[in-house]
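Take a look at the letters that make up each chain.
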Amino acid sequence: MTDPVFLVTGGSGGLGAATAQLAVDAGYRVVLAARDADRLAAFAAGLGGPDRVVDVPCDVGDWTQVTELVSRAEQAFGRIDAVFANAGMSLTTSFLGAGGESPQRWRDMVVTNVCGPALTSRAVLPALVRTGGHLVLTGSASGRGVRPGSLYSATKWAVTGLAQAIRAECVGTGVRVTLIQPGLVDTAAIPADRRDDPKLEPHDVARAVLYAVGQPATVDINEIIIRPVGQHAYR
Ligand SMILES: NC(=O)c1ccc[n+]([C@@H]2O[C@H](COP(=O)([O-])OP(=O)(O)OC[C@H]3O[C@@H](n4cnc5c(N)ncnc54)[C@H](OP(=O)(O)O)[C@@H]3O)[C@@H](O)[C@H]2O)c1
C-alpha cells in the first residue's frame, strides 16, 4: 500500500473533521487524534475501515501522548506525508477582569493552542523529513490582528511565530510548512457573542488545506488567510 498518510489533530470535529473527510476523498489514509475516544472512534468509523482510517485518543498538550500518536501512525501505515496540527480551544478572556473565563482556566488554552502544535511538530517532523512531507498549522485571523483582552488571540500570534520558526529550521529538508489562518468558522468552538457574525463552513477551510498540500513538492504555500465575506478585519 503506497497511498499517502495524513495525520490530523483535533480530528473529531470542526475543521479537523472536515479536512479528514476531504483527505479521505483525495485518497489519503488518515490518522485522527482527539481526546474524547468514543466521539473520535465514531467519527473514524464513518470515514473508513482500519486499513484507511486509524483513530488515536491523544491530548496534544502531553508529550508522551503525542509521541505515542506518531508511533501508532507509523505502526499502522508505515509513513506520514502530511500533518494538520489543528487541535485548539477558545476561551473568552479579559485582562481588566471585565468578564470572561477565570484565569484558573487560562493555562489549558495556552497548553493546547501553543504547546499542542509545538509538541506535535517536534514529534512528527522526523517522519516528515523522511517523506519530504508537509506540516500545516492552524493559526487564526486573530493571530494577525489584535483582539482587545484576548489571550486566545495571543496564543494564535504564538502559532504564527511557531510556523515561521519551524519553516526556517526546515530549510534544506524538503519539508513544507503552511500556516492557515481562518476567520470565523461555524464550529462548536465559536463564542456565543459571535453566533450572528458572518461565518465560513468547516469545509471552506478544509479545501484550503487540501489546496496547500496538493501543490508540487517544490511549492511551499507559506500562509493562507481565509475569512467569510463581511467579517470585520480584526474580528
Ligand atoms: N471555529 C473558528 O471560528 C476558528 C477560527 C480560527 C481558528 N480556529 C482554530 O481551528 C482549530 C479547530 O477549531 P474548531 O473550530 O474546529 O473547534 P472544534 O469544533 O471545537 O473542534 C476541536 C477539535 O480539537 C479537539 N481537541 C481540543 N483540545 C484538544 C487537545 N488538547 N488535544 C487533542 N485534541 C483536542 C477536539 O476534540 P476533543 O475535545 O475530544 O479533544 C475536536 O476534535 C483550533 O485550533 C481553533 O483555534 C477556529
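Residues numbered from 1 in each chain as written. Predicted model: local features only at pLDDT ≥ 70, side-chain atom pairs only at ≥ 80, totals over all residues. Heavy atoms only, no water.

Chemist: Give me the site of the ligand: which residues, what numbers.
Modeler: In the region of the ligand, 30 residues are neighbours, and Ser-12, Arg-35, Tyr-152, Val-185 and Thr-187 sit closest. For the ligand, an oxygen atom lies 2.7 Å from a polar atom in the side chain of Ser-12. Within the side chain of Lys-156, an N or O atom sits 2.9 Å from an oxygen atom of the ligand. Calculation on the ligand without its partners gives an accessible area of 890 Å², and the protein chains cover 91% of this total. The cavity that encloses the ligand is the largest pocket. Mapped by element, the contributors of at least two residues to the shell around the ligand are α1 (14–25) and α5 (151–169). Each residue belonging to the shell around the ligand can be placed in one class, and the counts come to 12 nonpolar, 13 polar and five charged. (Near = heavy atom within 4 Å. Polar contact = N/O pair within 3.5 Å; in protein donor to acceptor, adjacent residues only side chain to side chain. Areas by Shrake-Rupley, 256 points an atom, 1.4 Å probe, with all protein chains shown as cover. 1 Å grid on protein atoms, 1.4 Å probe; cavity = no way out; pocket = protein on both sides within 12 Å on 5 of 7 lines; lining within 4 Å. Sits in = over half its atoms within 2 Å of the grid points. Helix = DSSP H or I, 4+ residues; strand = E, 2+ residues; numbered from the N terminus. Nonpolar A, V, L, I, M, F, W, Y, C, P; charged D, E, K, R; others polar.)

Chemist: Describe the sheet that holds strand β6 (residues 176–182), listing the residues and the values that go with them.
Modeler: Ordered by their spatial adjacency, seven strands build an open sheet running β3-β2-β1-β4-β5-β6-β7, and the pairing between neighbours is parallel. Because the sheet does not close on itself, it has two edges, and the strands there are β3 (53–57) and β7 (223–226). Each strand of the sheet is rotated relative to its neighbour by a mean of 15°, with strand direction disregarded. Note that strand β4 (residues 82–85) and strand β5 (residues 134–138) share four bridges and pair parallel. The residue of β5 that forms the bridge with Phe-84 is Val-136. (Pairing = 2+ DSSP bridges. Axes fitted to C-alpha atoms, helices over the stretch in contact; angles between N-to-C directions.)

Everything listed here is a matter of coordinates, which is why it stays silent on function.
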